[in-house]
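# Overview (structure and organization)
The primary structure of each chain is shown beneath.
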Amino acid sequence: MKQNKKWIGTILLSSALLLGACGSDEINESTGTDTNQTTTEETSSESGDHGGMVHDESGEIPAGLEEAENPMYEVGESVILQHGHMPGMEGAEATIVGAFDTTAYEVSFDPTNGGEREENHRWVIHEEIAESTESAVEPGEEVTLEARHMEGMEGATATIDDAVTSTVYMVDYQPTEGGEVVRNHKWLTEEELGQE
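So, a few notes on the structure that sits alongside this text. (Residues numbered from 1 in each chain as written. Predicted model: local features only at pLDDT ≥ 70, side-chain atom pairs only at ≥ 80, totals over all residues. Heavy atoms only, no water.)

### Here we look at the overall build of the protein chain
Here is the rule: Working definition: helices are DSSP H or I runs of at least four residues, strands are E runs of at least two. Numbering for both runs from the N terminus. Summary of the burial criterion: residues with accessible area below 20% of their type's maximum are buried, those above 50% are exposed, and those between are partly exposed, where the area comes from a 1.4 Å probe applied to protein chains only. Contacts between residues were defined by any pair of non-hydrogen atoms, one from each residue, lying within 4.5 Å. Each accessible area value is a Shrake-Rupley result obtained with a 1.4 Å probe; residue values ignore everything except the protein chains displayed when judging cover.
A count of helices and strands for the protein chain gives two helices and ten strands. Reading the protein chain from its N end, one meets helices and strands in the order α-β-β-α-β-β-β-β-β-β-β-β. Out of the 196 residues in the protein chain, the part that is buried amounts to 41%. Partitioning the contacts of the protein chain with sequence separation of at least 6, the portion at a separation of at least 24 is 60%. Accessible surface, the protein chain: about 10900 Å² in total, of which carbon and sulfur atoms supply 47%.

### Describing unusual backbone geometry
For the bond from Arg122 to Trp123, the omega torsion is -10°, close enough to zero to count as cis. The phi dihedral of Asn184 is positive, around 55°, even though this residue is not glycine. Structurally, Asn184 is set in strand β9 (residues 182-189).

### Details of the nonpolar core
How we decide: Side-chain atoms within 4.5 Å link the members of a nonpolar core, which is a set of buried Ala, Val, Leu, Ile, Met, Phe, Trp, Tyr and Cys residues.
By size, the foremost hydrophobic cluster in this structure holds 16 residues, and its most contacted members are Leu81, Ile96, Tyr169, Val171, Tyr173 and Leu193. Sorting the residues of this core by element identifies β4 (78-81), β5 (93-109), β8 (157-173) and β9 as the ones contributing at least two each. Those residues in contact with Leu193 that sit more than four places away from it in its chain are Tyr73, Val79, Ile80, Leu81, Gln82, Ile96, Tyr169 and Leu188. Grouped together as the second largest cluster of nonpolar side chains are 14 residues, Val107, Val124, Ile129 and Ala147 included.

### Some thoughts on the pattern of salt bridges
So the rule is basically this: One speaks of a salt bridge when a side-chain nitrogen belonging to Lys or Arg is within 4 Å of a carboxyl oxygen belonging to Asp or Glu.
Taken as a whole and judged by the stated rule, the model has five salt bridges. Glu106 is paired through a salt bridge with Arg122; the nearest N and O atoms lie 2.9 Å apart. Residue Glu106 is found in strand β5, and its partner Arg122 is found in strand β6 (residues 118-125); the two are separated by 16 residues along the sequence. Looking at Glu106, the relative accessible area reads 10%, which means it is buried. Where Arg117 meets Asp110, a salt bridge forms, and the shortest distance between an N and an O atom there is 3.2 Å. Residue Asp110 is classed as partly exposed on the basis of its relative accessible area of 44%. When salt bridges with common partners are traced through the structure, they connect Glu106, Arg122 and Glu192 into a single cluster.

### Brief notes about the pairing of β9
Looking along a regular strand, one sees side chains alternate from face to face of the sheet. To keep things clear, this is the line we draw: When DSSP locates at least two bridges between a pair of strands, those strands are taken to pair.
Among the eight residues in β9, seven count as buried, and that is most of the element. Relative to β9, β8 runs antiparallel, the two sharing five bridges. Considered in β9, the bridge of Tyr169 is made with Leu188.

### What to know about the environment of Ala104
Structurally, Ala104 can be placed in strand β5. Expressed as a C-alpha distance, the spacing of Ala104 and Thr167, which sit 63 residues apart in the sequence, is 8.6 Å. Residues contacting Ala104, with those up to four places away along its chain left out, are Trp123, Val124, Ile125, Asp162, Ala163, Val164, Val168 and Thr189.

### Some points on the pairing of β4
Relative to β5, β4 is paired through three bridges, and the arrangement is antiparallel. Opposite Ser78, over in β5, you have Thr95 as the bridge partner.

### Section: the side chain of Ser108
Filter applied, for reference: For this analysis, a polar contact is any N or O atom pair within 3.5 Å, provided that within protein one partner can donate a hydrogen and the other can accept it, and provided that sequence-adjacent residues contribute only side-chain to side-chain pairs.
Within the fold, Ser108 resides in strand β5. Of note is the side chain of Ser108, whose polar atom sits 3.1 Å from the side chain of Glu119. At a separation of 3.0 Å, a polar atom in the side chain of Ser108 contacts the main-chain amide nitrogen of Asn120.

### A few points about a negative patch on the surface
Rule in force here: Like-charged residues are merged into a patch within 9 Å and nonpolar side chains (Val, Leu, Ile, Met, Phe, Trp, Tyr) within 5 Å, provided each residue has over 30% relative accessible area and no salt bridge. For the purpose of counting charges, residues Lys and Arg are taken to be positive, whereas Asp and Glu are taken to be negative. His and the chain ends are not included. By convention, charge coordinates are those of NZ in Lys, CZ in Arg, CG in Asp, or CD in Glu.
On the surface, Glu66, Glu67, Glu69 and Asp101 cluster together to form a negatively charged patch. Along the chain, the position of Glu69 falls in the loop between β3 (66-67) and β4.

### Side note on the packing of aromatic side chains
Spelled out, the test is: Paired rings are identified among Phe, Tyr and Trp, the last through its six-membered ring, by centres lying within 6.5 Å, and are further divided according to the angle between planes into stacked (under 30 degrees), edge-to-face (over 60) and tilted (the rest).
Counted according to the given criterion, the structure contains two aromatic pairs. Their ring planes at 70° and their centres at 5.8 Å tell us that Tyr73 and Tyr169 sit as a pair that is edge-to-face. On the criterion of sequence distance, the pair formed by Tyr73 in the loop between β3 and β4 and Tyr169 in strand β8 is long-range, its members being 96 residues apart. Geometrically, the ring pair formed by Phe100 and Trp187 is edge-to-face, given 5.9 Å between the ring centres and 85° between the ring planes. You can see Phe100 sitting in strand β5 and its partner Trp187 sitting in strand β9, a full 87 residues away along the chain. In this structure, Phe100 and Trp187 share a single accessibility class: buried.

Structural data, given as structure tokens:
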């Protein structure tokens, strides 16, 4: 009887460990990142002022976005951020977690939440524009944003300031001013990245 209790205990413990390891985490096949990771605005503000940026760490890729066939920087490669879209980015060490071929737009818009007008925001990609078609949108045209990079961005009417056909990158980086690693930051162009 004592032997049976040991076996039952072992089976129950093994089952509990096995079930515990089978969580609901889903992995994004294109980037290898956990699609259930998200942070809130509060997390962003804990690591400094990031200009209203909302860090969606899910790594979710817009529908229709194609992986780059021959990117300058490969997934997993270490780079240095040459341009800062927000404090703590310029000069930060980063790792490429995604590379995609598309058109990137610099846009100006009035946030839907009534915040201050955003001028020359970099970057919203073609697949994050409601009116996206086969061809790139021209500077001066008005579009509706589907991106959620900043509070009040999704659904905002924006004017295209500039358009660049390029490989865009999603990166994980350690802010130069400290704080937690920012995961799946969208988007940077090749010209905004460099190597040590």
